[in-house]
Amino acid sequence: LIVIATVLSISLCFAEASGIFEGYGGPYIYVREAMGEFMGFQVGFMKWVISLLAWATMAVAFANLLVAFLDIAHVPYIEKILAGLLIVTLSYINFLGVELTKSLYNIVTLVKMFPIILFVFIGIKYIGKSNLIFIARDPGRLITGIKDPILILFYAFTGFESIAVAARDMKTPLKNLPKGIIGVMIG
């Protein structure tokens, strides 16, 4: 609930700003218009660095999970090769055009929803007071036990800020982009 409230308030700010500005850049434009070129550049540069690090992290995590699942850790440099192949493949798909990328993104989104929904329905069975008893015995453990899930969930909710980057390529972005950002957060 802490993460949802925080990220929802941030996304509502983005939705409001996206209803005002329709150029390329999203967060860069919003900050540039409010605080000037220098601060806009800082936000744009940090967005680029964070995206670079996030994509690299996800590629390495995917490769590590795949290697563990297939039990092929004995192959030298296999994680690095798989992570590199993933980045090259996704870059190539992106290079082929927006329509293919959009179709692939829609398919991947539908496929990943199944395990998420399954996880929720299985997890509901395990909700109960017995799972929360450690809080009553040691209230200090609440903080240490909740910080990691908060960080993971916060990361899981990120991405909505990237939607506005290509606003100029959208049909009626001033009208549709705020709805899209709010829709992504609700979905």
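Worth saying up front: this structure is predicted, and the values here are computed from it rather than measured. Within each chain, residues carry numbers counting from 1 in the order of the written sequence. This being a predicted model, a pLDDT of at least 70 is required before a residue's local features are given, and a value of 80 or more before pairs of side-chain atoms are given or counted; all residues contribute to the totals for chains, interfaces and linings. Based on all heavy atoms of the structure, the side-chain values leave hydrogens and waters out of the count.

Participant: I would appreciate a short explanation of the overall build of the chain in the present structure.
Facilitator: Numbering of helices and strands runs from the N terminus; a helix is a DSSP stretch of H or I covering at least four residues, while a strand is a stretch of E covering at least two. From N to C terminus, the chain includes 8 helices and 0 strands. Seen in sequence order, the chain has helices and strands lined up from the N terminus as α-α-α-α-α-α-α-α. Exposure is judged per residue with a 1.4 Å probe applied to protein chains only, and the accessible area is read against the type maximum: over 50% gives exposed, under 20% gives buried, and values in between give partly exposed. Expressed as a percentage of its 187 residues, the buried residues of the chain come to 17%. Sequence separation of 24 or more characterises 58% of the internal contacts of the chain that already satisfy a separation of 6 or more. When the accessible surface of the chain is summed, it comes to about 14100 Å², and 75% of that surface belongs to carbon and sulfur atoms. Positive and negative side-chain charges in the chain, numbering 14 and 11 respectively, have mean positions lying 8 Å apart. In this analysis, two residues are considered to be in contact whenever any of their non-hydrogen atoms come within 4.5 Å of each other. Surface accessibility follows the Shrake-Rupley procedure with a 1.4 Å probe radius. Residue values consider only the protein chains on display as shielding. Counting rule applied: Lys, Arg positive; Asp, Glu negative; His and chain ends not counted. Taken as the charge location is NZ of Lys, CZ of Arg, CG of Asp or CD of Glu.

Participant: Please clarify how the pattern of salt bridges should be interpreted in this entry.
Facilitator: For side chains of opposite charge, pairing can occur when their charged atoms come near one another. One side-chain nitrogen of Lys or Arg within 4 Å of one carboxyl oxygen of Asp or Glu is enough to make a salt bridge. This structure, assessed with the given rule, holds 2 salt bridges. Arg32 is the salt-bridge partner of Glu33, the closest N and O atoms lying 2.8 Å from each other. Owing to a relative accessible area of 45%, Glu33 belongs among the partly exposed residues under this scheme. With a shortest N-O distance of 3.4 Å, Glu99 and Lys102 are connected by a salt bridge. Placement of the pair is Glu99 and Lys102 together in helix α5 (residues 98-124), with a separation of 3 residues, close to one helical turn. You can call Glu99 exposed: its relative accessible area is 52%.

Participant: Even after reading the chapter, I still don't get the environment of Lys47, so can you show me in this structure?
Facilitator: Along the polypeptide, Lys47 turns up in helix α3 (residues 37-70). Sequence spacing of Lys47 and Gly26 is 21 residues, and the spatial spacing of their C-alpha atoms is 10 Å.

Participant: When you look at the packing of helix α1 (residues 2-18) against helix α8 (residues 173-186) in this model, what are you seeing that I'm missing?
Facilitator: Helix axes use the C-alpha atoms of the stretch in contact, all axes being lines fitted to C-alpha atoms, and the angles between their N-to-C directions lie in the range 0 to 180 degrees. Packing of α1 against α8 brings their axes to within 8 Å, and their N-to-C directions diverge by 170°. Regarding the angle of α1 to α8, the classification is roughly antiparallel. Residues Val7, Leu8, Ser11, Leu12, Phe14, Ala15 and Ser18 of α1 pack against Pro173, Leu174, Leu177, Pro178, Ile181, Ile182 and Met185 of α8. When grouped by side-chain class, the residues that make up the contact of α1 with α8 number 12 nonpolar, 2 polar and no charged. For classification, angles of less than 35 degrees are called roughly parallel, those exceeding 145 degrees roughly antiparallel, those between 65 and 115 degrees roughly perpendicular, and all remaining angles oblique. Amino acid classes used here: Ala, Val, Leu, Ile, Met, Phe, Trp, Tyr, Cys and Pro are nonpolar; Asp, Glu, Lys and Arg are charged; the rest, including Gly, are polar.

Participant: What should I look at first to understand the environment of Ile72 in this one?
Facilitator: Relative to the assigned elements, Ile72 resides in the loop between α3 and α4 (78-96). Residue classification places Ile72 among the partly exposed residues on the basis of a relative accessible area of 23%. Sequence-distant contacts of Ile72, that is, excluding residues within four places in its chain, are made with Val67 and Ile78.

Participant: Mind showing me how you'd approach the side chain of Ser18 here?
Facilitator: Within the secondary structure layout, Ser18 lies in helix α1. For Ser18, a relative accessible area of 0% translates into the label buried.

Participant: I'm lost on the nonpolar core in this one. Help?
Facilitator: What tends to happen in soluble globular proteins is that the nonpolar side chains get buried as a cluster. Definition used in this section: a nonpolar core is a set of buried Ala, Val, Leu, Ile, Met, Phe, Trp, Tyr and Cys residues joined via side-chain atoms within 4.5 Å. Grouped together as the largest cluster of nonpolar side chains are 13 residues, with contacts concentrated most on Val7, Phe14, Tyr30, Phe160, Leu177 and Ile181. Only α1, α2 (27-35) and α8 provide two or more residues apiece to this core. For this core, the leading source of residues is α1, giving 5 residues. Ignoring any residue separated from it by four or fewer positions in sequence, one finds Val7 in contact with Phe154, Phe157, Phe160 and Met185.

Participant: Would you explain α3 in this entry?
Facilitator: Spacing of three or four residues puts side chains on the same side of an α-helix, whose turn is 3.6 residues. Helix length check: α3 (34 residues) gives 49 Å between terminal C-alpha atoms against 50 Å at 1.5 Å per residue, within 8%. Gly40, Ala54, Ala59, Ala63 and Val67 are the residues of α3 that are buried. Just past α3, the residue Asp71 takes up positive phi, approximately 55°. The span one expects for a helix is its residue count, reduced by one, times 1.5 Å.

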